[in-house]
Amino acid sequence: MTDYNDTKKQGKLTEENMALDFKSEPINVSTVFNGFYQIPPYQRDYEWGMDEIDDLWNDIVNAIENQTDHFLGALVFRGEKGKDTMFEVMDGQQRLITLTILLAAIRDNLDKLGEKKLARGTQVSISSPDKSGNETYKLILNRSAGKYIEELIQKHEASKKIRSPQSEEEKKIKKAYEYFDKKIDEKLHVLADISDKINFIKKLKGKIEEIYVIGIYVITEEDAYTIFEVLNDRGLELSVADLLKNLIFKKYEQGKIKDAEDTWRKMIHLFENRKINFTKFLRHFWLSKYKFVSTPELFKDIKKETQSHDSERMSNFLSEIDKESRSYTSLYSPVQTDFDEFSQKKKDIIEILLNIKLFDVKQCYSLMLALYRAVNLKKITKQQFIETLNLIENFTFVYIVILKGRTSSLEEIFSSSALKIKNSAFEFKDWMKDLKGEFNKLSVDYKRFYEELEKVTYISHKPNVIKYILTKIEFSGHNNLLNLYNASIEHIHPASGGDEKVWPKISTDKQEEEDLINNLGNLTILHPDDNQVLATDSYEIKKEAYKNCTAKITSTIPTQYPSVWNRKTIIDRRDKLIKDIKDNGIWKI
């Protein structure tokens, strides 16, 4: 969504493209609300939260107190100024809805003060007769929340019945109204004289009407769409998702807009619920199926690819995005209801995907999306899918997490490999060989990998990465009872708080001691069923507890080190763990 503060960053819009037919002029809010506007159903829901609303309120109050002007950015309307009576809002709906809510709160507070005439005067900015003499709201929302905003905000009736908000959009509208109503009430509460109260509200209403904007008027939908993009380049920071939605919906048949709107809303809510960036998905989708393109060029490429699409083809394109979005959310942030079609292998897939997510590596999702698509198209088997996910997990851990390799070329490698799956001559065995070859070109040096593992500490890496390393070693011994998400980390020599008589210092050098205590050699894992209240207990006590632990990596410690735990044993155990990694081929590509 467009953040309120982004409206303050907009520069002057110039007619750089002389073929573009538009008019722009500085106008104030009072002039804006002399007209009538409708918000198309494909526009975003009302999304302003408390941060944006609070910023707007504070800016208006400060402008009153400091007697300064306030600029609220550019508003884009489709319609011919001076001729049309109803304009379509192409950009600025968040601000127009919020201003309407604020004016309604002012109107209702004037009613409370008994100032019916002033209240009716404020209502003129919310509704007034059109040319036919019919009472018409100045702002019309063409979707379900439109009825709610009419009931709560736009109607000026003393006994109006207001239902409870149902959707998230309706809840935000109600919260915005309650916020402004409370803020006005707080201002009035400190004023004892009725005339001072009325005077404040007059100043507030006057300042709102004085707020100036750049009104941009375009004739055709195509020009409105182009302005939409130009504004994006001027600092509005409209997301690719906003631009794509506008691109798709403008080619839809009017009677099918409602279905498209429902599809889009469900898709966006899915991403919000799983906390995934929708624009990242769009790019990874494009890289997986169409071509490699940078983020700044993504929308231009989508626009070029779809420019000849008619309504039916654009409808199919939206269906394709919808389907791919569900695959992507499962890959990026899997839950237990995902991948049911993999039966017993479902658990393995989810674990691999959660491991990759732990590494915070984004470049590989274009390839994983292409692979999942290939499974559904039966171009690869489920086992081949899992095999490739394992390869991606191993590569990203070795090359990125431990070796800190350069990632600049990774996106192209993953995208190129994804696009090859589309080829009719695709053969999994040859393709897999090529992918491994691309990885090896990046100088995956295993000698250095093992050397870097020696330096890994509880401080240098996230705790979950440490758990991941230790559980992978445990898993190589075929113990499936313990994984990253049910294990906890145990410092054998306590990290802090230990009695020096029980746990003598393992080095006179403070930095070396810290490195040793947090080194892999001094770390192990415990299962939830194990006795985990060991903390600073002596090694003798810990040894006895370790013997009964679920993880073999822990239960074998007393046998390997029966006497003492010191600097020498920590280094020795670290070396043994790394030898296990080598011998078992863990993370081998």
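Residues numbered from 1 in each chain as written. Predicted model: local features only at pLDDT ≥ 70, side-chain atom pairs only at ≥ 80, totals over all residues. Heavy atoms only, no water.

(A) Structural context of the overall build of the protein chain. Per the secondary structure count, the protein chain includes 25 helices and 10 strands. Out of the 589 residues belonging to the protein chain, those deemed buried represent 52%. (Helix = DSSP H or I, 4+ residues; strand = E, 2+ residues; numbered from the N terminus. Buried < 20%, exposed > 50% of the residue type's maximum accessible area, 1.4 Å probe, protein only.)

(B) View of the sheet that holds strand β1 (residues 22-28). Within the open sheet, the 6 strands sit side by side as β1-β8-β3-β4-β2-β7. Their pairing is mixed. Whereas interior strands pair on both sides, the edge strands pair on one side only; in this sheet they are β1 and β7 (139-141). Each neighbouring strand pair of the sheet contributes to a mean axis angle of 35°, computed without reference to strand direction. (Pairing = 2+ DSSP bridges. Axes fitted to C-alpha atoms, helices over the stretch in contact; angles between N-to-C directions.)

(C) Region of interest: the packing of aromatic side chains. This model, assessed by the stated rule, comprises 47 aromatic pairs. Seen in terms of ring centroids, Y37 and F77 are 4.8 Å apart; in terms of plane orientation they differ by 35°. Their pairing is tilted. Separated by 40 residues along the polypeptide, Y37 in strand β2 (residues 36-39) and F77 in strand β3 (residues 71-78) bring together distant segments of the chain. A relative accessible area of 2% means that Y37 is categorised as buried. The residue whose ring lies beneath K138 is F36, and the NZ or CZ to ring-centre distance is 5.5 Å. Taking NZ or CZ as reference, K382 lies 5.6 Å from the ring centre of F342, over its face. (Phe/Tyr/Trp six-rings, centres within 6.5 Å; stacked < 30°, edge-to-face > 60°. Lys NZ or Arg CZ within 6 Å of the ring centre and 35° of its normal.)

(D) Main features of the side chain of N518. The residue N518 is located in the loop between α21 (510-517) and β10 (523-526) in this model. Engagement of the side chain of N518 in a polar contact is seen with the backbone oxygen of E514, the distance being 2.9 Å. If we ignore the near neighbours within four places in the chain, the residues touching N518 are V456, T457, Y458, I459, H491 and L523. (Polar contact = N/O pair within 3.5 Å; in protein donor to acceptor, adjacent residues only side chain to side chain. Contact = heavy atoms within 4.5 Å.)

(E) Region of interest: the nonpolar core. Core analysis: the biggest nonpolar cluster contains 101 residues, and I248, W264, F385, F397, F449 and I469 have the highest contact counts within it. Tallying contributions element by element places helix α16 (residues 382-402) first for this core, with 12 residues. Not counting residues up to four positions away in its chain, the partners in contact with I469 are F397, L453, V456, L520 and W587. (Core = buried A, V, L, I, M, F, W, Y, C linked by side-chain atoms within 4.5 Å.)

(F) Just the pattern of salt bridges, in detail. In the structure shown here, the tally under the stated rule is 34 salt bridges. Here K205 ties to E209 by a salt bridge, and the two come within 2.7 Å at their closest N and O atoms. Linking K205 with E209, this pair stays in helix α7 (residues 194-210), spanning 4 residues, or about one helical turn. (Salt bridge = Lys/Arg side-chain N within 4 Å of Asp/Glu carboxyl O.)

(G) Main features of the packing of helix α2 (residues 50-66) against α7. Between α2 and α7, the least distance of the axes is 10 Å, while the angle of their chain directions is 105°. The orientation of α2 with respect to α7, classified from their angle, is roughly perpendicular. Facing W57, I60, A63 and I64 of α2, the residues of α7 in contact are K203, L204, K207 and I208. Across the contact of α2 with α7, the residue classes break down as 6 nonpolar, no polar and 2 charged. (Parallel < 35°, antiparallel > 145°, perpendicular 65-115°, else oblique. Nonpolar A, V, L, I, M, F, W, Y, C, P; charged D, E, K, R; others polar.)

(H) Unusual backbone geometry, seen in detail. Positive phi, close to 60°, is recorded for F339, a residue that is not glycine. Judged by its relative accessible area of 2%, F339 falls in the buried class. Phi is positive for D360, which is not a glycine, with a value near 60°. Here D360 is to be found in the loop between α14 (346-358) and α15 (365-376).

(I) Seen up close, the side chain of D91. On the secondary structure map, D91 appears in strand β4 (residues 86-91). Judged by its relative accessible area of 1%, D91 is buried.

(J) Expanded view of the environment of E169. Structurally, E169 is set in helix α6 (residues 168-189). Separated by 122 residues in the primary sequence, E169 and E47 have C-alpha atoms spaced 6.7 Å apart.

(K) Examining the packing of helix α11 (residues 278-289) against α15 more closely. Contact pair α11 / α15: the axes reach a minimum separation of 8 Å and the direction vectors enclose 60°. The hand of the α11/α15 crossing is right-handed. Residue-level inspection shows F281, H284, F285, L287, S288 and K289 of α11 in contact with α15, the latter providing Y365, S366, L369, A370 and R373. Looking at the contact of α11 with α15 residue by residue, the class counts come to 6 nonpolar, 3 polar and 2 charged. (Left-handed = near helix turned anticlockwise from the far one by under 90°.)

(L) Representation of the environment of P558 in the model. Looking at the secondary structure, you find P558 in helix α24 (residues 557-560). Note on P558: relative accessible area 8%, which makes it buried. As a C-alpha pair, P558 and E544 span 14 residues in sequence and 7.6 Å in three-dimensional space. P558 has contacts with K543, Y546 and K547, leaving out every residue within four places of it along the chain.

(M) Up close: α7. Compared with the 24 Å implied by 1.5 Å per residue over 17 residues, the 24 Å span of α7 between its first and last C-alpha is a close match. The complete set of buried residues in α7 reads K197, I198, F200, I201, L204, K205, G206, K207 and I208. The inward-facing, buried residues of α7 abut α1 (29-32), α2, α3 (93-112), α4 (116-123) and α6. (Expected span 1.5 Å × (residues − 1).)

(N) Representation of the confidence of the model for the protein chain within the structure. Here the protein chain shows a mean pLDDT of 87. Residues at 70 or above account for 89%. In the model of the protein chain, helix α8 (residues 221-236) stands out as the element of lowest mean pLDDT, 57, in contrast to α15, which has the highest, 97. The model gives residues 6-18 a pLDDT under 50, and that stretch makes 31 contacts with residues more than four places away or in other chains. (pLDDT = per-residue confidence, 0-100.)

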